[in-house]
Amino acid sequence: MQHQKYFHENDILLFLFNVMRLIISIFLIIFSFAVKGQEIISDSQYAYQNIGKRVAYLEDKQATKSLKQIISLDSLGKFKKGEQDILNFGNTTSAIWIKIKYINYPSSPLYLVLSSANIDNVDIYMEKADQSFKHLKTGNAFYPVPGVDIENNFIFKLPQEANQKYKSVYMRLKTNNILVVPLKLVTGEVLFKGKAFTDRIEYIYIGILISLLLYNLFLYISLQDRTYLYYTLHVLTLSCYLMVYLRGYGFLFGNDMRILMNQYPHVFLSLSMISSFFFSRSFLNLEKIAPRMLNVYYFLGGCAVVLLILSLSGNKRYCASIAQVLTASVSLSLWVSGILAYRRGHQPAKYYVAGFFFVLLSVGLVTFSLAGILRFNDFTMELVPIGSTVELLLLSFALGDRYRIIMKKERDTSYQNLALVQNQKVQLEELVQKRTLLLTKTIAELKSSNNVKNKLFSIIAHDLRSPLNSLMSILALNDSDILSMDDIQFLLKENKKNIETIYNTLNNLLYWAKSQMDGIKTEATHFELKQLIEELLLVYAPLLHNKQIQVVLEFDGLFPVYADENQVKLIIRNLIDNAIKFTPKRGKVWLSLKRRSTGVNVEISNSVADLKSIENLDAKQLHDFKATYGTENERGVGLGLHLCREYIKSNGGDLKINTERDIISFSFTLPR
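Residues numbered from 1 in each chain as written. Predicted model: local features only at pLDDT ≥ 70, side-chain atom pairs only at ≥ 80, totals over all residues. Heavy atoms only, no water.

(A) The pattern of salt bridges, seen in detail. As enumerated under the stated definition, the model contains 11 salt bridges in all. The partner of D225 in a salt bridge is R402, with the nearest N and O atoms 3.0 Å apart. With D225 in the loop between α3 (188–223) and α4 (226–246) and R402 in helix α11 (residues 378–425), this residue pair connects regions lying 177 residues apart in the sequence. A salt bridge links D401 to K350; the shortest N-O distance between them is 3.2 Å. Of this pair, D401 sits in helix α11 while K350 sits in helix α10 (residues 349–370), and the two are 51 residues apart along the sequence. The partly exposed category is assigned to K350, whose relative accessible area is 34%. (Salt bridge = Lys/Arg side-chain N within 4 Å of Asp/Glu carboxyl O. Helix = DSSP H or I, 4+ residues; strand = E, 2+ residues; numbered from the N terminus. Buried < 20%, exposed > 50% of the residue type's maximum accessible area, 1.4 Å probe, protein only.)

Right under this line is the structure:
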């Protein structure tokens, strides 16, 4: 019987043990739900990263609950686990309670960083060693308190106590605005490094914005162009909204100014929209290019004025909702007006369109993130500052391009007016004199140097006018029937050199003037160099015969090249003309073509009586316009070699001069 009683008592004990185990299991399950989302943060997680997924939160819709009530609700498992690294509660009037549980290490002080500068009320309750809570109240509507640093974020130093390992922090957040909560739990060393990195990036924004502001303000003062004034106001108001309010740099102006700016933040946004309308209307010239868009501007401008009035009344919550819709609408309308202007010929609008595209893209991504469609992260918080900074930079480029086009039109108009005035004074009696005057006016319009202008006047006055006067005298005598046919033939033969000089001089002058007005434009084609040289030699055959000069050709086969045929013809003609001019009677001229790995080498050489008597041998002197005389007193104006050097360079070569005994050689290379 005693054994049966013993076993019966054992069964009862076993039953009770199983019941207790079941109760404990149920309790553990309930407890696990109660602590759902309250993951303990350890030292391995004290990095400069957001901890939204490792905290729990509770929404107090009435915003009336006390800490005691919140702790009670926490014990009942009412807190929810954070689902994103950065908690996003949208535009809400509720009070949000956040619980953070972490491991305290006495040797390393910890800091809780709230990387948001536009939360009105922040209450933090930090657990102490006696399980009571230390309460600190702060926010962008309050002055700093001991234990809280307010700059462009809120930094709380957590209690450092040796007798408690696990600690909790309750944070109550309340704002009449969009509530985004980026939280970080870091050590002092990590805080310094992470904050320094983010500050450097934002200092770049600030530097760019200040530079754009000052530069365009200076341009407005200098040019008195209202477009620059509107752009400057746009930069100023948008910068205040971005950096002072969104990024929290209002503390740089003192606590009073910080609190004031955070009470009426959308004032800056509405003013930025209004200034952008004035800027776009002036920059795009909408009255002429897209007048229908003005009605859209007037409507959205009226909405911006309403936003301004609501913001001044202090209703931040409604202003935040209106601002999201209005910002997207304004960006879209400005972008569309820029596209219309560009399609209708307003070239600077291409930078304008690109700028507002970046704004529209960043605003769209942020709006979708706030709506929960896209995940909110650290980069999302930088989208609006980045997009707006890129927009302002591109708008500055657009203004620069606009100024360039305006100045070009003014110069063209000025040149045209000057040409009209000069054309009224000039008597175009002969074709040569007309071209010479046009060349003079072109050089004057391009503001060439005084030396060049003086030289050209000298050419006109002596080298062209004198031979022409001589020809005119012959014609006048012929009209008077004073000269016989033999006399006329004799005088024309004597003036043949003058006519050749006029022809070569005019050709060189016109090529040089064209290069000065339009720049040297090389249009390369494929052609046979040997054939070109042979055709030119036929032209110079009479001159070679008169001076009894022997021509030695040193080329065999075909020599195809890829260059500007007209320019190459001018180069070779001038070099042959130069060689004939400086070669004495019964001398020699050598023309050589050689194939090289880089192309075809052209060399034109001639014998000379005295090298010292020839000018322009130094390559540096090719820049100067110096008249020269040949062995038979053939006169040049110094343009030939100058043109050769420029055209050879434009075709990828370099003019080289070599002297050896009584032979001078000019050589250059053309691409195959």
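(B) Examining the side chain of D60 more closely. Locating D60 in the fold gives a position in strand β2 (residues 56–60). Overall, the relative accessible area of 0% leaves D60 in the buried class. Not counting chain neighbours up to four residues away, the residues in contact with D60 comprise K65, S94, A95 and W97. (Contact = heavy atoms within 4.5 Å.)

(C) Structural view of helix α6 (residues 266–284). Taking 1.5 Å per residue, 19 residues should reach 27 Å; α6 reaches 26 Å between its end C-alpha atoms and fits that length. One or two steps after α6, the chain reaches N285, where phi turns positive at roughly 55 degrees. (Expected span 1.5 Å × (residues − 1).)

(D) Looking closely at the sheet that holds strand β20 (residues 663–670). Pairing is mixed across the open sheet formed by five strands, whose spatial order is β15-β17-β18-β20-β19. What marks the edges here is a single partner per strand, and that holds for β15 (550–554) and β19 (656–660). On average, each strand axis in the sheet is tilted by 15 degrees relative to the strand beside it, whichever way the strands run. Note that β15 and strand β17 (residues 588–596) share five bridges and pair parallel. Its bridge partner lying in β17, L553 is registered against L591. On the sheet, helix α16 (residues 529–539) packs against β15, β17, β18 (599–607) and β20 and is oriented at approximately 170 degrees with respect to β17. Strands in contact with helix α18 (residues 565–582) are β17, β18 and β20; relative to β18, the strand with the most contacts, it is inclined by about 20 degrees. (Pairing = 2+ DSSP bridges. Axes fitted to C-alpha atoms, helices over the stretch in contact; angles between N-to-C directions.)

(E) Quick look at the confidence of the model for the chain. Across the chain, pLDDT averages 78, with 74% of residues at or above 70. Taken as a whole, residues 1–9 scores under 50 in pLDDT and shows zero contacts with residues more than four places along the chain or in a different chain. Every residue in residues 618–625 is under pLDDT 50, and counting partners more than four places away or in other chains gives 19 contacts. (pLDDT = per-residue confidence, 0-100.)

(F) Quick peek at the packing of aromatic side chains. For the structure on display, the rule yields 16 aromatic pairs. Seen in terms of ring centroids, Y231 and F279 are 5.7 Å apart; in terms of plane orientation they differ by 50 degrees. Their pairing is tilted. You can see Y231 sitting in helix α4 and its partner F279 sitting in helix α6, a full 48 residues away along the chain. Site record: aromatic cluster; members linked through ring pairs are Y231, F279, F283, Y352 and F356. Seen from the ring of Y318, R317 lies directly overhead, with NZ or CZ sitting 5.9 Å from the centre. (Phe/Tyr/Trp six-rings, centres within 6.5 Å; stacked < 30°, edge-to-face > 60°. Lys NZ or Arg CZ within 6 Å of the ring centre and 35° of its normal.)

(G) Structural view of the pairing of strand β13 (residues 183–187). The buried fraction of β13 amounts to five of the five residues, a majority that puts the element mostly inside the structure. Every second residue of β13 is oriented toward a common face, with L183, L185 and T187 on one face and K184 and V186 on the other, all of them buried. Of the pairings in the sheet, the one linking strand β6 (residues 110–114) to β13 comprises five bridges and is antiparallel in character. Looking across to β13, one finds that V113 is bridged to K184.

(H) How the structure looks around the sheet that holds β13. Judged by pairing direction, the sheet is antiparallel, and its four strands sit side by side in the order β9-β10-β6-β13 without closing on themselves. Two strands close off the open sheet at either side, each with one partner strand: β9 (148–150) and β13. Between one strand axis and the next, the sheet turns through 20 degrees on average, direction left out of account.

(I) Focus on the nonpolar core. Core analysis: the largest hydrophobic core is formed by 58 residues, its most contacted members being Y231, F279, L284, Y297 and Y352. In terms of residues, this core owes the most to one element, α4, which gives 11 residues. When neighbours within four sequence positions are excluded, F279 is seen to be in contact with T227, Y230, Y231, Y352, L395 and L399. One finds L536, F555, V600 and V608 within the second-largest nonpolar core, a separate group that totals 39 residues. (Core = buried A, V, L, I, M, F, W, Y, C linked by side-chain atoms within 4.5 Å.)

(J) A look at the side chain of S396. By secondary structure assignment, the location of S396 is in helix α11. When near neighbours in sequence (up to four residues on either side) are disregarded, S396 contacts L212, N216 and Y231.

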